Amino acid sequence: MNTDTCIFCKIVRGEIPSRKVFEDDELMAFHDINPMAPVHLLLIPREHIASMAELEQRHRNVVGNMMLVANRLAVEQGSPEGFRLIVNTGRIGRQDVYHLHMHVIGGASPLPGMIMKS
Ligand code: 5GP
Ligand code: ZN
């Protein structure tokens, strides 16, 4: 995937709009355009990493920080009593957008069963 055409790289560059909830020098978070729960955020590294399958040792800090930020965002954005993180990976994981992203999912009542994609 070319970073020129990657939809999440375009969001990082501000070329397409997003409902941003967080950004720092390495990460960005915004509302999923098609939410599956009352809280459904996407947390991404600014750097184009295609998927979990492409992670390298040098990414360990950014991936660790994604976990910490996800936890904080879930609480701040309306799911203080727990949440779910999903990282769909590759063909088997039914990944649609090949720029690493963590779904942060939660809301007022307990989520349905583990596998939600139809
Ligand atoms: P995946 O299936 O790759 O794990 O998830 C991709 C997610 O990106 C989907 O939940 C989809 O709704 C979301 N998405 C796709 N295009 C856009 C977009 O342009 N803006 C936002 N905010 N979310 C998007
Ligand atoms: Zn990208």
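Residues numbered from 1 in each chain as written. Chains lettered and ligands numbered in written order. Predicted model: local features only at pLDDT ≥ 70, side-chain atom pairs only at ≥ 80, totals over all residues. Heavy atoms only, no water.

1. Here we look at helix α2 (residues 60–76)
Compared with the 24 Å implied by 1.5 Å per residue over 17 residues, the 25 Å span of α2 between its first and last C-alpha is a close match. Along α2, the residues that are buried comprise Val 62, Val 63, Met 66, Val 69, Ala 70, Leu 73 and Ala 74. Looking straight down α2, one finds its buried side chains confined to an arc of 135 degrees; they lie on one side. Residues of α2 that are exposed and angled more than 90 degrees away from the buried face: Arg 60, Asn 61 and Leu 68. Considering only its buried residues, α2 is in contact with β1 (20–23), β2 (27–31), β3 (39–45), β4 (84–86) and β5 (102–106). Remark: Gly 78 follows α2 within two positions and exhibits a positive phi of approximately 115 degrees. (Helix = DSSP H or I, 4+ residues; strand = E, 2+ residues; numbered from the N terminus. Expected span 1.5 Å × (residues − 1). Buried < 20%, exposed > 50% of the residue type's maximum accessible area, 1.4 Å probe, protein only. Arc of directions from axis to C-beta. Contact = heavy atoms within 4.5 Å.)

2. Quick look at the nonpolar core
Of all hydrophobic cores here, the largest spans 17 residues; its most connected members are Phe 22, Leu 27, Leu 43, Met 66, Val 69, Leu 73 and Val 104. Of all elements in the fold, only β2, β3, α2 and β5 reach the threshold of two or more residues within this core. For this core, the element with the highest residue contribution is α2, accounting for 7 residues. When near neighbours in sequence (up to four residues on either side) are disregarded, Leu 73 contacts Val 21, Phe 22, Ala 29, Leu 41 and Leu 43. Counting residues in each nonpolar core, the second largest holds 8 residues, with Cys 6, Phe 8, Ile 11 and Ile 44 among its members. (Core = buried A, V, L, I, M, F, W, Y, C linked by side-chain atoms within 4.5 Å.)

3. Describing the packing of aromatic side chains
As enumerated under the stated definition, the model contains 1 aromatic pair in all. Relative to Phe 30, the ring of Phe 8 has its centre 5.6 Å away and its plane inclined at 75 degrees; by these criteria the two rings are edge-to-face. Of this pair, Phe 8 sits in helix α1 (residues 7–13) while Phe 30 sits in strand β2; the two residues are 22 residues apart in sequence, bridging distant segments of the chain. Considered together, Phe 8 and Phe 30 belong to a single accessibility category, that of buried residues. (Phe/Tyr/Trp six-rings, centres within 6.5 Å; stacked < 30°, edge-to-face > 60°.)

4. Looking at the site of ligand 1
Surrounding ligand 1, one finds 17 residues, the nearest of these being Asp 32, Asp 96, His 101, His 103 and Lys 117. For ligand 1, an oxygen atom lies 2.9 Å from a polar atom in the side chain of Asn 88. Residue His 101 places a side-chain N or O atom 2.8 Å away from an oxygen atom belonging to ligand 1. Here ligand 1, which alone exposes 520 Å², has 86% of that area covered by the protein. Elements with a contribution of two residues or more to the shell around ligand 1: α1 and β2. Tallying contributions element by element places α1 first for the shell around ligand 1, with 3 residues. Of the residues contributing to the shell around ligand 1, the split by class is 7 nonpolar, 6 polar and 4 charged. (Near = heavy atom within 4 Å. Polar contact = N/O pair within 3.5 Å; in protein donor to acceptor, adjacent residues only side chain to side chain. Areas by Shrake-Rupley, 256 points an atom, 1.4 Å probe, with all protein chains shown as cover. Nonpolar A, V, L, I, M, F, W, Y, C, P; charged D, E, K, R; others polar.)

5. Here's the deal with the coordination of the zinc ion (ligand 2)
Distances from the zinc ion (ligand 2) to its protein donors, Cys 6 (SG), Cys 9 (SG), His 48 (ND1) and His 99 (ND1), fall at 2.0 to 2.3 Å. Taken together, the 4 donor atoms coordinating the zinc ion (ligand 2) and their angles of 106 to 115 degrees define a geometry best described as tetrahedral. For the zinc ion (ligand 2), the donor residues sit on a single chain with the sequence spacing C-x2-C-x38-H-x50-H. Overall, the relative accessible area of 6% leaves Cys 9 in the buried class. (Donors = N, O, S within 2.8 Å, 3.2 Å for Na, K, Ca; no water. Tetrahedral: all angles 85-135°; square planar, octahedral: opposite > 155°, others 65-115°.)

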